[in-house]
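Structural overview
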Amino acid sequence: MIRNLQCLEISGYQEMKVRMSCAGLRNLLQGLCYSVRYYSKHSCLQTVCIYSKIKSKQCCILDCACSTCTHRTLPPGSILPWRCFSCKQEGTKIPSKRKQNASITTSDLSYKNLLKSEQENWNDISARYKAMTKRIKEKLEELHNKYTFNLGSPRIRFGENVYFEENGCVFLSKADVDEENGDILFSTEDLGFSDAFIQRIRISPDQRYMAISLKSENSEEAACVIIKLGHFPVVEKVIPSVFSFEWAANDVLYYTSQKNLKCQNVFMTTFTNRKHTKLVYTEQDARFFVDIYCTKDRRFLTINSNSKTTSEVWLVDCRHPFKSPALVQARTKGVIYHIEHRNDELYILTTYGEPAEYKLMKAPVAASGKENWQLVYALEKKTKLVDLEMFSDHCIMFLKNAGHLYLNVISFSSHSVQSIKDETLVPITVFHNMNSKELHRKPLLVHVYGAYGIDLNMSFKEDKLMLIEEGWILAYCHVRGGGELGLSWHKDGCQHNKLKGLHDLKACIMLLHELGFSQPKYTALAAASAGGVLAGALCNTAPELIRAMVLQAPFVDVLNTMMKTHLPLTIEEQEEWGNPLADEKCMKYIKSYCPYQNIKPQCYPSVFITAYENDQRVPLTGVLRYVQKLRKAALDHASRTSEKGNWVPNIILDMRASGSHCDSSWEDSLKEVARHLAFLNKELQVCHLQHHSKPCK
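The structure displayed is predicted, hence computed values, not measured ones.

Our next topic: the overall build of the protein. A tally of helices and strands in the protein yields 12 helices and 34 strands. Counting across all 697 residues of the protein, residues that qualify as buried make up 58%. Of the roughly 29,100 Å² that the protein leaves accessible, carbon and sulfur atoms contribute 52%.

Have a look at this one:
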């Protein structure tokens, strides 16, 4: 499999992805079908696709080689987010007397005191949600136990040997033997890694060594543990701060090191005879991120250096792993490409040529420059390439076009193409219980992301199931900046086109209301990470459309963040947001939509923000500034119009000492979701979960 270009749901420059073979996709689809069939026995779920032209008004885990299903991390060259949260995604009266003065700014208090102040504020406010949060948490646990089933962890097969991971242990069993009798090769708990989970497994070609990456839930970095297999497996070496790794030969491992969220160095290390470690490649450009991939036929390792818009690939010949890497094609601005191999030819997935969408091309290994690239298959207009799987005599392309998910099977012998289609819904997807009546009076939760060419995550989880059972309407707005309609859809919503995503979001919510799906006083908006840009911008420009907003690790201080090049990810992000330091027009444009920059005294919706003290991707200082400024603006507006009895929004910041931008434990995630839903039920005055003895007003 060459690359997965679609985000699953957690976040970061380097986002955790799902790459799957035909069997993996089939298992996933079967699982989804099972979930829907099972649920339909108990309740009625209706899915609505709104696919009309929206004219916006012009307004201001595991990663296993050779397995059927893998989870792996991809570089920014695949147009992946760092402020995406998976993954690893408002209106009551506020008492006039507060412990905290909302006008306090970062400059008035030290950072430490400001954190303490916000924590005290949260401690005071959280009590009002405690009882409902507990009930919601219990309901979510019940739904999780009722509907969640395990498809099993991926299996890696080498001849008669099968390797698999379960509950922090790696097992070895024979293909035709009951797996319960498998041998334990590695245990995180027994070796003192009880707080870590296994992220990736690689078995050496001769099965003498196994490399495992271990990552803790509160850390961005992983360690690579190399184990010498045998009757008594032993830990041979532990390499800290490793991002990706692959075996080039029986005892030769290539890996990338990670520091401050960047991967720019590739090393080679050996374990027999001449044991040594050598620096193989260094990336000098801070915009580029380096990772390693092994072609499916194990003929080459590819050293992939990618920015958001440009790629460069070097090949390591696995038959001669000590030779210097060979360049495929020097980086060309705006050209992205990824490599697979078959029969001494490179198959190149690239944006080279017109139109600027992905195409499949090929070239001889010995003459790999772009002047020798020959077209094999070109995507149709507005088609998104999700993934590609290479086989000996054919390849399978996973595509999305105008709301359809389908597979194209390309035969290399006959050059024929077959399509296998399956319906999906864009650009606005709406879920609600088909038995619901008076939809205009039902609470509506709108989701948005719109960045990095990533599809809006619609994975079905317990909280969404619970909301639908309780009568909520769920809407997903696939605005420009996302990836639902291919690369052009992303380009239409990034850099100097960012406002288009905001216009789309506003038009979507207005259309939902016009079609009878809820109304502003029962509408809430949910976003995470980079989705916070559009959500926060809507909050400034059209606050009357929503009553409440829930943000998770939101990116709301775009301008200040992109002005600080000392932050580890700022330079890399310039291809998504622009460079305000070098371009005055870019600075003015970012300032025109940046949530923090455009806060003003007006009637805002209530806002609940979850942020993480150790978040390396979205600076906590920016979130703190945003909350302080937003709270002050809301109170200023209320004080000017107090005689009219205006409603004052709740502006709440829940700072988590544990957890991070990318990963949270199941228990922490459950608590966060429960707090969010308790807040939304309170602010939208949804009373069915409160068990009041009196009817809700």
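For the rest of this paragraph, the subject is the pattern of salt bridges. Counted according to the given criterion, the structure contains 23 salt bridges. Linking Glu236 and Lys275 is a salt bridge whose minimum nitrogen-to-oxygen distance equals 3.0 Å. With Glu236 in strand S12 (residues 234-249) and Lys275 in the loop between strand S14 (262-270) and strand S15 (277-282), this pair connects stretches of sequence that are 39 residues apart. Of the residues examined, Glu236 reaches a relative accessible area of 27% and is grouped as partly exposed. Linking Asp504 and Arg480 is a salt bridge whose minimum nitrogen-to-oxygen distance equals 2.7 Å.

What follows concerns the side chain of Thr269. By the secondary structure assignment, Thr269 is in strand S14. A distance of 3.5 Å separates a polar side-chain atom of Thr269 from the backbone oxygen of His276. Apart from the residues within four sequence positions on either side, Thr269 is in contact with Lys237, Ile239, Asp251, Val252, Leu253, Tyr255, His276 and Thr277.

Right, let's talk about the sheet that holds strand S20 (residues 337-342) for a bit. In spatial order, the strands read S20-S21-S22-S23; together these four strands make up an open sheet with antiparallel pairing. Both outer strands of the open sheet, S20 and strand S23 (374-378), are each paired with one neighbouring strand and no more. Taken pair by pair, the neighbouring strands of this sheet meet at an average axis angle of 25 degrees, ignoring direction.

Taking 1.5 Å as the rise per residue, helix H6 (residues 498-514) with 17 residues should run 24 Å; its terminal C-alpha atoms sit 25 Å apart, in good agreement. Positive phi shows up at Gly516, right after H6, with a value of about 95 degrees.

With six of its six residues buried, strand S31 (residues 523-528) lies for the most part within the structure. Burial of S31 is two-sided: the residues Thr523, Leu525 and Ala527 facing one way and the residues Ala524, Ala526 and Ala528 facing the other way are all buried. Direction of pairing for strand S29 (residues 444-448) relative to S31: parallel, over a ladder of four bridges. Its bridge partner being in S31, Leu445 is matched across the sheet by Ala524.

Under the criterion given, the structure shown has 17 aromatic pairs. For the pair Phe158 and Tyr163, a centre-to-centre distance of 6.3 Å together with 85 degrees between the ring planes defines the contact as edge-to-face. In this pair, the class of Phe158 matches that of Tyr163, namely buried. The interplanar angle of 15 degrees and the centroid separation of 5.3 Å between the aromatic rings of Phe164 and Phe171 together place this pair among those described as stacked. In this structure, Phe164 and Phe171 share a single accessibility class: buried. The structure contains a cluster of three or more aromatic residues connected by ring pairs, namely Trp122, Tyr129, Phe608 and Phe679. Positioned above the aromatic ring of Phe164 is the side chain of Arg155, whose terminal nitrogen or guanidinium carbon lies 4.2 Å from the ring centre.

A few words now on the sheet that holds strand S16 (residues 289-294). Judged by pairing direction, the sheet is antiparallel, and its four strands sit side by side in the order S16-S17-S18-S19 without closing on themselves. The outermost strands of the open sheet, each flanked by one partner alone, are S16 and strand S19 (326-329). Averaged over all pairs of adjacent strands, the angle between strand axes in this sheet comes to 25 degrees, irrespective of strand direction. Summarising the sheet, strand S17 (residues 300-306) and strand S18 (residues 311-317) pair through seven bridges and their orientation is antiparallel. Following the sheet pairing, Ile303 is matched in S18 by Trp314.

Following the sequence through the fold, Lys671 ends up in helix H12 (residues 666-683). Since its relative accessible area comes to 34%, Lys671 is described here as partly exposed. The sequence separation of Lys671 and Lys134 amounts to 537 residues, and the corresponding C-alpha distance is 8.7 Å.

Conventions adopted
- Residues numbered from 1 in each chain as written.
- Predicted model: local features only at pLDDT ≥ 70, side-chain atom pairs only at ≥ 80, totals over all residues.
- Heavy atoms only, no water.
- Helix = DSSP H or I, 4+ residues; strand = E, 2+ residues; numbered from the N terminus.
- Buried < 20%, exposed > 50% of the residue type's maximum accessible area, 1.4 Å probe, protein only.
- Areas by Shrake-Rupley, 256 points an atom, 1.4 Å probe, with all protein chains shown as cover.
- Salt bridge = Lys/Arg side-chain N within 4 Å of Asp/Glu carboxyl O.
- Polar contact = N/O pair within 3.5 Å; in protein donor to acceptor, adjacent residues only side chain to side chain.
- Contact = heavy atoms within 4.5 Å.
- Pairing = 2+ DSSP bridges.
- Axes fitted to C-alpha atoms, helices over the stretch in contact; angles between N-to-C directions.
- Expected span 1.5 Å × (residues − 1).
- Phe/Tyr/Trp six-rings, centres within 6.5 Å; stacked < 30°, edge-to-face > 60°.
- Lys NZ or Arg CZ within 6 Å of the ring centre and 35° of its normal.

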